[in-house]
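# Observations on the three-dimensional arrangement
One letter stands for each residue in the lines below.
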Amino acid sequence: MPDSHSKLDPVVDWPEQIFARFQQFDLRHVVYVPDAGHSRLIQLAQQCDSMTTVALTSEEEGIAYLAGAWLGGERGVLLMQSSGVGNCINLLSLQVSIKFPLLMLVTMRGQWAEFNPWQVPMGQATDAALQLMDVLTWQADRAADVDALLQGAATMAFEGDASCALLLGQRLIGEKRWNK
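The following refers to the structure shown. (Residues numbered from 1 in each chain as written. Predicted model: local features only at pLDDT ≥ 70, side-chain atom pairs only at ≥ 80, totals over all residues. Heavy atoms only, no water.)

### Considerations on the nonpolar core
Soluble globular proteins tend to pack their nonpolar side chains together in the buried interior. Residues Ile18, Phe22, Leu79, Leu103, Leu105 and Leu168 are the most contacted members of the largest nonpolar core, which totals 31 residues. Mapped onto this core, the elements with two or more residues apiece are helix 1 (14-24), strand 1 (27-32), helix 2 (39-46), strand 3 (75-81), strand 4 (102-107), helix 7 (143-160) and strand 6 (163-168). Of all the elements, helix 7 adds the most residues to this core, at 7 residues. Excluding residues that lie within four positions of it along the chain, Phe22 makes contacts with Leu27, Val30, Leu41, Met51, Val77, Leu79, Leu105 and Leu150. Counting residues in hydrophobic clusters, the runner-up holds 22 residues, among them Ala67, Met80, Met108 and Val135. (Core = buried A, V, L, I, M, F, W, Y, C linked by side-chain atoms within 4.5 Å. Buried < 20%, exposed > 50% of the residue type's maximum accessible area, 1.4 Å probe, protein only. Helix = DSSP H or I, 4+ residues; strand = E, 2+ residues; numbered from the N terminus. Contact = heavy atoms within 4.5 Å.)

Right under this line is the structure:
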């Protein structure tokens, strides 16, 4: 059976699709902890004059930042890796309490073909941890699914003041290897 990187799958530039959705939903703030899985998306946002990009020192800062942006009448998105979700658990209570729109894109580690055993525990717990904090989650493992899942998540976040996360699966992002 072909995997997600099969030659039968159409070539889809999912970072470009995500960026186009950011523009469609008028996102003005892209906050992130630097991550190779998000690097193309971060570059696109940095090149856009209508978006402010902020490199965070810790993922939970992004939740507070986006709450402030919302209070100021603007929308944004938090980009992080699955290992950073654990850092956000306590501050996600802010969204549970005041119900502001919170959109997160999470690149997954600790899944298919993971080489680093330190990534596995949080990678396996990410979805459940987010759901425990009332975050609605969807996972994209194929490039062809990213656009529709993001459109739905962004609609629910920004039209329903929900906390939503699109998990970008390790099969989508590609296998990581130690540089030797």
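### Topic: the sheet that holds strand 1
Pairing within the open sheet is parallel, and its 6 strands lie in the order 2-1-3-4-6-5. One side of each edge strand has no neighbouring strand; the edge strands of this open sheet are strand 2 (52-55) and strand 5 (136-140). Pairwise comparison of adjacent strand axes, ignoring direction, gives a mean angle of 20° for this sheet. Looking at chain direction, strand 3 and strand 4 are connected through 4 bridges and run parallel. The residue of strand 4 that forms the bridge with Gln81 is Thr107. (Pairing = 2+ DSSP bridges. Axes fitted to C-alpha atoms, helices over the stretch in contact; angles between N-to-C directions.)

### A short note on the packing of aromatic side chains
Counted under the stated rule, the structure contains 2 aromatic pairs. A centroid spacing of 6.2 Å and a plane angle of 35° characterise the contact between Phe25 and Phe158, whose relative ring orientation is tilted. Taken together, the positions of Phe25 in the loop between helix 1 and strand 1 and Phe158 in helix 7 put the pair 133 residues apart, joining distant regions of the chain. A relative accessible area of 9% places Phe25 in the buried class. Across the ring face of Trp112, the terminal group of Arg171 is positioned such that the distance to the ring centre comes to 5.6 Å. (Phe/Tyr/Trp six-rings, centres within 6.5 Å; stacked < 30°, edge-to-face > 60°. Lys NZ or Arg CZ within 6 Å of the ring centre and 35° of its normal.)

### Focus on the environment of Met108
In this fold, Met108 is placed in the loop between strand 4 and helix 6 (120-132). Judged by its relative accessible area of 1%, Met108 is buried. Between the C-alpha atoms of Met108 and Asp26, which are 82 residues apart in sequence, the distance is 25 Å.

Remember that the coordinates give geometry; whether it matters functionally is a separate question.
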